[in-house]
Amino acid sequence: MTAQVRDGTRRAGDRTAARRVFAGLRTVAYLLVFGFLGYQVWRVRHGLGDSLRLVGWDDALLAMALAAVGGVPGFFGWRMLLAGLGTRLPWPAAIRVFFLAGLTRYLPGGVWPAVAHAAMARPLGEPPARLAGAFVATQGLAVIAGLAVGLVALPWLVAADAIWWALLPVLAAASVPLAAPRLLERLLGVAQRVLRRGGEAPVLPGRRTLFAVTGLMTAGWLISGLHVTVLAVALGASPAGALTVGIGGFALSTVAGVLTLVMPSGLGPREAVLGLTVATLLTGPGLVTLVALSRVLITVGDLISTAVVLGWLALTGRLTSRPVPPSGDRRADPTDQRTEGVPSP
């Protein structure tokens, strides 16, 4: 018994030491990222004012609106995939889960949105692993769509540097889960164990649903990437180059941020990749202004859109409506007059 206690104490000590090491590494990563970004702003500080005046309020607001609207197809894709997994949330509940959980991506670490989806599933009577799995699968399909949209900028990018041809094998490798959905299911099982969520691993819907969700994600990338185009043109870039590099470069940069689990909302890697792509259009203060404004406008747009949506739900009284019954029990609810496959108003 004493040996077991010693073993348990040693394992607890090892876990504590590992947590301290990871915390130290995160702190170092934050310092490096903020130091690098701060240096870039300081380096061109004398020209930033002129660049900001070139953009102006009209273009800034238009860019913020495009970035915010670009997230709407992602909501529909997530809800479609969730329905394919067996949970069809009513619109108010789905909106609340999607937008509230989405804000957690600004917390350090990339697991919080999945954890938030799982935590919000319990009050709705839904399996936590299913909502977390739907989010993880949606993110995977968004990465595939983002890499595909990134190819829009490929001709312009390879003209500047042939290294960008490397996008083709990366896209081919990332597309494997669409051709073999069972592989994506295994990845979801791994994510479920990492998140320590019990229950059976989700069984993904067929390829038709997966391709439809990927198509919605692609539409979102095309819309949201236009905000970089607007900023680039305002700063003097060629409209033709700004259209392709703006859309493709933003998709690639955000995918890089998604794959970076340490930094909140991909801070640092996203700016680095966006800067590398847009550097084929702009240099100096204009480049730094675009990268910084993109981050600021997206963050502000997320906060405003979430506040507006949740405020609308609160005003209509839907946030205080009765709890949603579990998916498998809804047919037993005598007040539920929906027909199969038709969402509630």
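Residues numbered from 1 in each chain as written. Predicted model: local features only at pLDDT ≥ 70, side-chain atom pairs only at ≥ 80, totals over all residues. Heavy atoms only, no water.

Enquirer: Tell me about the overall build of the chain, residues and numbers included.
Expert: A tally of regular secondary structure across the chain gives 14 helices and 0 strands. Moving toward the C terminus, one meets the helices and strands of the chain in the order α-α-α-α-α-α-α-α-α-α-α-α-α-α. Within the span of the chain, comprising 345 residues, buried residues form 43% of the whole. For the chain, the exposed area adds up to about 17,600 Å²; of that, 69% sits on carbon and sulfur atoms. (Helix = DSSP H or I, 4+ residues; strand = E, 2+ residues; numbered from the N terminus. Buried < 20%, exposed > 50% of the residue type's maximum accessible area, 1.4 Å probe, protein only. Areas by Shrake-Rupley, 256 points an atom, 1.4 Å probe, with all protein chains shown as cover.)

Enquirer: Run through helix α14 (residues 284–315), naming residues and quoting values.
Expert: For α14, spanning 32 residues, the distance from its first C-alpha to its last is 46 Å, which sits close to the expected 46 Å at 1.5 Å a residue. Trailing α14 by a residue or two, Gly317 shows a phi angle of about 80°, which is positive. (Expected span 1.5 Å × (residues − 1).)

Enquirer: Just give me the short version of the side chain of Asp302, but keep the residues and values in it.
Expert: Positionally, Asp302 belongs in helix α14. Residue Asp302 is classed as buried on the basis of its relative accessible area of 14%. Of note is the side chain of Asp302, whose polar atom sits 2.6 Å from the side chain of Arg105. Every residue in contact with Asp302, bar those within four places of it in the chain, is listed here: Leu103, Arg105 and Tyr106. (Polar contact = N/O pair within 3.5 Å; in protein donor to acceptor, adjacent residues only side chain to side chain. Contact = heavy atoms within 4.5 Å.)

Enquirer: Describe the nonpolar core, and please don't skip the residues or the numbers.
Expert: Membership of the largest hydrophobic core comes to 71 residues, with the highest contact counts inside it found for Trp78, Leu282 and Leu290. In contact with Leu290, not counting residues within four places along its chain, are Val228, Leu231, Ala232, Leu235, Leu274, Val278 and Leu282. (Core = buried A, V, L, I, M, F, W, Y, C linked by side-chain atoms within 4.5 Å.)

Enquirer: Tell me what's going on with the packing of aromatic side chains, and back it up with residues and numbers.
Expert: Applying the stated criterion to the full structure yields 8 aromatic pairs. An angle of 70° between the planes, with centres 5.3 Å apart, marks the rings of Phe75 and Phe76 as edge-to-face. Relative to Phe98, the ring of Phe75 lies with its centre 5.3 Å away and its plane at 70°, an arrangement referred to as edge-to-face. Placement of Phe75 in helix α3 (residues 72–84) and of Phe98 in helix α4 (residues 91–102) is noted, with a sequence separation of 23 residues between them. By relative accessible area, Phe75 is classed as buried at 5%. Between Arg79 and the ring centre of Trp91, over which it is positioned, the NZ or CZ distance is 3.9 Å. (Phe/Tyr/Trp six-rings, centres within 6.5 Å; stacked < 30°, edge-to-face > 60°. Lys NZ or Arg CZ within 6 Å of the ring centre and 35° of its normal.)

Enquirer: Please provide a residue-by-residue account of the environment of Leu62, values included.
Expert: Here Leu62 lies in helix α2 (residues 45–69). The exposure class assigned to Leu62 is partly exposed, which follows from its relative accessible area of 43%. Separated by 165 residues in sequence, Leu62 and His227 place their C-alpha atoms 7.4 Å apart.

Enquirer: Describe the pattern of salt bridges, listing the residues and the values that go with them.
Expert: Going through the model one piece at a time under the given rule, you end up with 2 salt bridges. Residues Arg105 and Asp302 are paired through a salt bridge, measuring 2.6 Å at the closest nitrogen-oxygen approach. Taken as a pair, Arg105 in the loop between α4 and α5 (112–121) and Asp302 in helix α14 lie far apart in primary sequence, 197 residues in all. The partner of Glu271 in a salt bridge is Arg295, and the shortest N-O contact between them spans 2.6 Å. Pair noted here: Glu271 is in helix α13 (residues 269–278) and Arg295 is in helix α14, with a separation of 24 residues, a long-range link. (Salt bridge = Lys/Arg side-chain N within 4 Å of Asp/Glu carboxyl O.)

Enquirer: I'd like to hear about the confidence of the model for the chain, residue by residue, with values.
Expert: With 69% of its residues at a pLDDT of 70 or more, the chain shows a mean pLDDT of 79. Within the model, pLDDT remains below 50 along residues 328–345, and this stretch shows 20 contacts once partners closer than five positions in the same chain are excluded. (pLDDT = per-residue confidence, 0-100.)

Enquirer: Break down the side chain of Glu271 for me, with residues and values.
Expert: For Glu271, a relative accessible area of 9% corresponds to the buried category. Among the polar contacts made by the side chain of Glu271, one reaches the side chain of Arg295 at a distance of 2.6 Å.

Enquirer: Account for α5, naming residues and giving values.
Expert: Summarising burial for α5: 7 of the 10 residues are buried, a large majority. Residues Pro113, Ala114, Ala116, His117, Ala118, Met120 and Ala121 constitute the buried set of α5. Residues of α5 that are buried in the fold lie against α3, α4 and α6 (128–150).

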